[in-house]
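Each chain, letter by letter, is given below.
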There are 2 protein chains.
Amino acid sequence: MARVTLKTVAERVGVSPMTVSNAFSRPDQLSAALREKILATAAELGYVGPDPAARTLARGSTGTVGILFHGTPRYALSDDFGALFLAVIAEELGRGGLALTLLPNLGTRDVLPVRDVAMDGAIIYSCSPADESVEWLRRRQLPLVLVDQPQDDHFPSVNVDDRAGARAAAMHLVELGHRRIALLAAGPEALANPTDWYVPRERLRGWHDVLDPAGITPALRYVEKSAGEAAYTAARELLAGPDRPTAVLAFSDAIAADVLRAADDLGLRVPRDVSVVGFDDSPVARRLVPALSTVRQDVVEKGTTAAAELVAAVRARRAGDDPPVRHHLLRTELVLRESTAPPAEVNHGTNGTFVG
Amino acid sequence: MARVTLKTVAERVGVSPMTVSNAFSRPDQLSAALREKILATAAELGYVGPDPAARTLARGSTGTVGILFHGTPRYALSDDFGALFLAVIAEELGRGGLALTLLPNLGTRDVLPVRDVAMDGAIIYSCSPADESVEWLRRRQLPLVLVDQPQDDHFPSVNVDDRAGARAAAMHLVELGHRRIALLAAGPEALANPTDWYVPRERLRGWHDVLDPAGITPALRYVEKSAGEAAYTAARELLAGPDRPTAVLAFSDAIAADVLRAADDLGLRVPRDVSVVGFDDSPVARRLVPALSTVRQDVVEKGTTAAAELVAAVRARRAGDDPPVRHHLLRTELVLRESTAPPAEVNHGTNGTFVG
DNA sequence: AGGGCGTACTTTACCGCTATAGCCAGCCGT
DNA sequence: ACGGCTGGCTATAGCGGTAAAGTACGCCCT
C-alpha cells in the first residue's frame, strides 16, 4: 500500500493539502472544528505528522545540531567529565527544541557525516582547528560554537581559563615547598603545532608560567588523555625512577587517578611521599582516596553556555540575522583536598634542591 | 547573494544539474575529465556538496538514527556504564555510516524531537514500553532496536540475562552464610506495573528466586538509579538500623559505590562487617576500595550488538526487505573481588538467624 | 551495411511539505 | 448600498536534490 502523506489525508477529508499542513503546523489558520476532523482522519489513516525530511527541506531547518569532538566517541566519553559535558549540552539544547547528533569524525568510504548529515549548526569541542572535519563544517557555513579551542572572529566560543588554573596548581605546589615536580601533560602532539589542541597547551603553559621563574625544571611526560594504562605506566615510571618527584601535576583528574593508583602500587603514600594535583574537578575527584586536590572548572556552566550560544545562533540564522559572536572565558578555581602536602624533605629539614 | 546549488554549478559549467549531481554522488556516471571540471567549479563557487536535507528527501534516507533513553541525558550518562554504552553504540554506528542523535524525550511546546527529527531508525534503551516517546517512534514505523526492554515480536532486541546474574549474586551471599540481606533496587515503580522498567524488575526477581526458597526475607529499598545522595542515604539508614544486614545486593555498581561510602562513614569495614555486591561491572567496580564483587555484563558487546542490529535493519529497509527480527540474550557472570566475605557471626560461631 | 551495445550526458517526473499570494463570503461602518 | 476588512480555505510555485528513462553517438561484430 502506498505511503500515507498529507495529500492522502487531504483527499480523504476533502480539503486541500495546505489545509492539512496547517492543521498540524499552524492551528490558528483554520477552524477548530475542521482541525479536529483532519486530525481524526489522519489518526485513522495512521498518518503521524508531516514527514520531517520534507519539512526540513521546505522550511530550511532541521531541529538538530551536531557535536564534533576530538577522537572517537569512546575516547571522549571515557572520562566522566566528558560524559557530563555532553549530557549538559544535550539537555540545554533540548530546552531550546534541538536534538543533538554525535558526529563520527571519520566516515566510511562514501559517507562523511560531517558533510552529509542535515543539521542547523554544530558545537566543536576540543578539536584541532585544522581538523579536516572542522573544515567541512566551516565550509557548510553552519552556525558553529567553539569550545575549548582558540578563539575565532567568526564564531562564538566558550573557553575555560586553563592557563590561570594551571598556574594556581603549580603555585600551590611551589608554595608548599616542592622543587622536584613532574608534569603529566596530554597528547603527544601538545606542543608540536601551536594551533593544535588548545587545552593541553594552555595548561602546560600555565604550569611553566610558575615553574620557570621558580627555577624548577619539571620532568615532563605526555600521555594519552584518560587512556588508562598509558597514564598509569608513565606515572609508575616517574615514581619508580631515581629522582622521584615529590609532586605531580596532572592534565586531568582521570590521569591523576592513575597517578594515585601507581603511587599506591609502589607503596608510596599520598600526600606524604608524593603530592598530586588534578584538573577539572570531575565527579571522581571527590571520591578518590585520598580526595584529590584539583583545579575546578564548571562543566555545567560550560555546557549550558555553549548550548545556549548555539541555540541563539541557530535562532538568529532562522530569523535571517547575523548570529552574535560572543566569547566566554570561564574562571577556574583551585580546590584543595587531601592529595597535597609539603614534601617530606622539608618536614625533615633537608633541603631537597633538585639536581636533574 | 543567492545560495549556491547544483543548478548554479551546472549553469556555470554548462551541463545539466543531473550531471553535477552525478559528479558528487555517482562518479562512474560521467567522464573523469568532466567530473574534475565540475568539482573544480564547485569548489570555486563555494559549493560544498549536495544539500543533505534535499538529498534526504529525494533518496528517502537520512544517514542518522536516534537513541531514546529513560530519563534525561544527564541521568543516563551520569554513570560511566551508561556513557560507555552510548559511546560504543556511536562508534559502531559510525562504522555503518550512521550518525547518532540523542533524542530528548520531552520537547518544548511545539517541538517533539521523537516525532519531528528526521532519522532512519532508532535504538530504544531501557524505556518503559508504555512511554509516550516510544509510542511516537513506533507510529512512525521506523526500524527500531530494543535494548534492556521486554521482547516484542516486531523488533530486534538485545537483553542481558539480568535475572540469572541477580540469582548468582544472591546465591553467592547465601553460600557465604549470609541471612540478613538488604536489597537496593532501582526506581520507585519497579514492581508497580509489570511492563514498566524491565531491568529493575528482572534483577529483583532474580534475587528473590534465590532468597525466597532460602527462607530469607530481605530488607528492600528502592532508590533512584545512580542518583547519588538518594542511594547513599538509603544505604546509611539500612546500615545504621537496629538489625543491620550483613550483606547488601545493589542494583548497580554506582549504587554499590554509595553503599561502600555509607559503610565507611559509619565506621563499618567491608567485607568484614558488611558484604556488598554490585551489578554491571562498570569501570569503577575495579577501582573501588575494596574492589567490588559484582555481576558482569559486557557493555561493549551489548552496544555493538544493538548498533549492528540497527544498521542491519536500516539497510534492509533501504533495500525494501523486511528487517530481520533477532533477539539477543547476553550472559552475565559473577565477578568476585574483595567486597564479599562470610558474615562476622559465622566466623565467631554465632548463628545469626534473622528475626525481622 | 545495419543491428546491437556501451558511454556520456539530458529530460522528465517526482520526493512531501510549506510560504505566499489569492480568492470568496460575510460583516462592518457610514 | 458600497468599499474595505477579516476569517478561512485554496492554488501555485518552489525547497534542492535524485531515479529512471531517454537521446545521441561512436564502436564492434557479422
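The structure this text deals with has already been given above.
Cut-offs applied
- The residue numbering used here restarts from 1 in each chain and proceeds along that chain's sequence as written.
- Throughout, the order in which chains and ligands are written sets their labels, letters from A for the former and numbers from 1 for the latter.
- Where totals are concerned, whole chains, interfaces and linings use all residues; where local detail is concerned, this predicted model gives features only for residues with pLDDT of at least 70, and gives and counts side-chain atom pairs only at 80 or more.
- Our superposition of the copies is a least-squares fit, built on the C-alpha atoms of residues whose pLDDT is at least 70 in both.
- Whether two residues are in contact is decided by their C-beta atoms, placed from the backbone, lying within 7 Å.
- Residues with at least 20 other C-beta atoms within 10 Å of their own are called buried, those with 12 or fewer are called exposed, and the rest are partly exposed. The C-beta atoms themselves are positioned from the backbone.
- For helices the rule is a DSSP run of H or I covering at least 4 residues; for strands it is a run of E covering at least 2, with both sets numbered from the N terminus onward.
- Strands were regarded as paired on the criterion that DSSP finds at least two bridges between them.
- Each residue gets a C-beta atom placed from its backbone. If that atom is within 6 Å of a molecule or strand, the residue is near it.
- Here the nonpolar group is Ala, Val, Leu, Ile, Met, Phe, Trp, Tyr, Cys and Pro; Asp, Glu, Lys and Arg are the charged ones; every other residue, Gly included, is treated as polar.

J.: Looking at this model, I keep getting lost on the relation of the copies chain B and chain A. Mind explaining?
T.: Related by rotation about an axis and a shift along that axis, the two copies of the chain form a pair. Laying chain B over chain A is done by rotating through 180° and shifting 0.0 Å along the axis; what remains is an RMSD of 0.1 Å. Here the transformation between the copies is reduced to the relation of a two-fold axis. Distance from the rotation axis, computed per C-alpha, reaches its smallest value in chain B at Thr-101 of chain B: 2.0 Å. Same-surface contact between copies: 100% of interface residues of chain B are shared with the interface of chain A.

J.: Would you take a moment to explain the pairing of strand 6 (residues 181–186) of chain B for this structure?
T.: All names here are of chain B. Of all the six residues making up strand 6, six are buried; the element is thus mostly covered by neighbouring parts of the structure. The two faces of strand 6 match: Ile-181, Leu-183 and Ala-185 on one face and Ala-182, Leu-184 and Ala-186 on the other face are all buried. In this sheet, strand 8 (residues 247–250) lies alongside strand 6 in parallel orientation, the contact comprising four bridges. Bridging across to strand 8, Leu-183 finds its partner in Leu-249. Pairing geometry for strand 6 and strand 7 (residues 219–223), over five bridges, is parallel. Of the residues in strand 7, the one forming a bridge with Leu-183 is Leu-220.

J.: What am I meant to see in helix 4 (residues 52–59) of chain B here?
T.: One turn of the α-helix equals 3.6 residues, which is why residues spaced by three or four share an orientation. Among all positions in helix 4 of chain B, only Pro-52, Ala-53, Arg-55, Thr-56 and Leu-57 of chain B are buried. Residues of helix 4 of chain B that are buried in the fold lie against helix 4 (52–59) and helix 7 (113–116) of chain A. Positive backbone phi, at 80°, marks Gly-60 of chain B, one or two positions downstream of helix 4 of chain B.

J.: Please clarify how the protein's contact with DNA strand C should be interpreted in this entry.
T.: All names here are of chain A. Not every one of the 24 residues close to DNA strand C is listed here, only the nearest: Thr-5, Leu-6, Ser-21, Ala-54 and Ala-58. The element best represented in the surface near DNA strand C is helix 4, accounting for five residues. Split by residue class, the surface near DNA strand C holds 13 nonpolar, seven polar and four charged.

J.: Please clarify how the interface of chain B and chain A should be interpreted in this entry.
T.: Where interface size is given, it is often the accessible area lost as the parts come together that is meant. At the junction of the two partners, chain B supplies 41 residues and chain A supplies 41 residues. Going through the elements one at a time, helix 4, helix 5 (73–77), helix 6 (80–95), strand 2 (99–102) and helix 7 (113–116) of chain B are the ones with two or more residues in the side of chain B that touches chain A. The element that contributes the greatest number of residues to the side of chain B that touches chain A is helix 6 of chain B, accounting for nine residues. Of the residues belonging to the side of chain B that touches chain A, the class tally is 23 nonpolar, eleven polar and seven charged. Pairing analysis gives three bridges linking strand 2 (residues 99–102) of chain A to strand 2 of chain B, with the strands arranged antiparallel. Paired with Leu-100 of chain A across the bridge in strand 2 of chain B is Leu-102 of chain B.

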